[in-house]
Amino acid sequence: MQRINRRGTGSVVTWRRAQMVLSAQGMTVAEIAEVTFTIADRVRDVIHDFNTARALGSRSSPM
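Residues numbered from 1 in each chain as written. Predicted model: local features only at pLDDT ≥ 70, side-chain atom pairs only at ≥ 80, totals over all residues. Heavy atoms only, no water.

Colleague: What should I look at first to understand the overall build of the chain in this one?
Modeller: On a plain count of helices and strands, the chain comes out with four helices and zero strands. Here the chain, with 63 residues, has 22% of them falling under the buried criterion. Partitioning the intrachain contacts of the chain with sequence separation of at least 6 by distance along the chain shows that 35% fall at a separation of at least 24. Put simply, the chain shows about 4,600 Å² of open surface, and 51% of that area lies on carbon and sulfur atoms. (Helix = DSSP H or I, 4+ residues; strand = E, 2+ residues; numbered from the N terminus. Buried < 20%, exposed > 50% of the residue type's maximum accessible area, 1.4 Å probe, protein only. Contact = heavy atoms within 4.5 Å. Areas by Shrake-Rupley, 256 points an atom, 1.4 Å probe, with all protein chains shown as cover.)

Colleague: Any chance you could explain the pattern of salt bridges here in plain terms?
Modeller: Between side chains of opposite charge, a pair can form when the charged atoms approach closely. Per the counting criterion, the structure on display carries one salt bridge. As a salt-bridge pair, Asp-41 and Arg-44 come within 3.0 Å of each other at their nearest N and O atoms. With Asp-41 and Arg-44 both in helix H4 (residues 40-55) and three residues apart, the pair spans about one turn of that helix. Here Arg-44 falls in the partly exposed class, since its relative accessible area comes to 43%. (Salt bridge = Lys/Arg side-chain N within 4 Å of Asp/Glu carboxyl O.)

Given below as structure tokens:
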């Protein structure tokens, strides 16, 4: 996460994956939003999309 922030680069996919990793590590939506410089609603959307794809058995995540 710090490497992505320092470089100021990273695709949207990288940011979404980072949000999923932080979620799996037990961070709250507010904490993830803060470290990824986004809003909590966007974090919730990313997590929801990921969980929906998994529930549907999608082999490729929406990321």
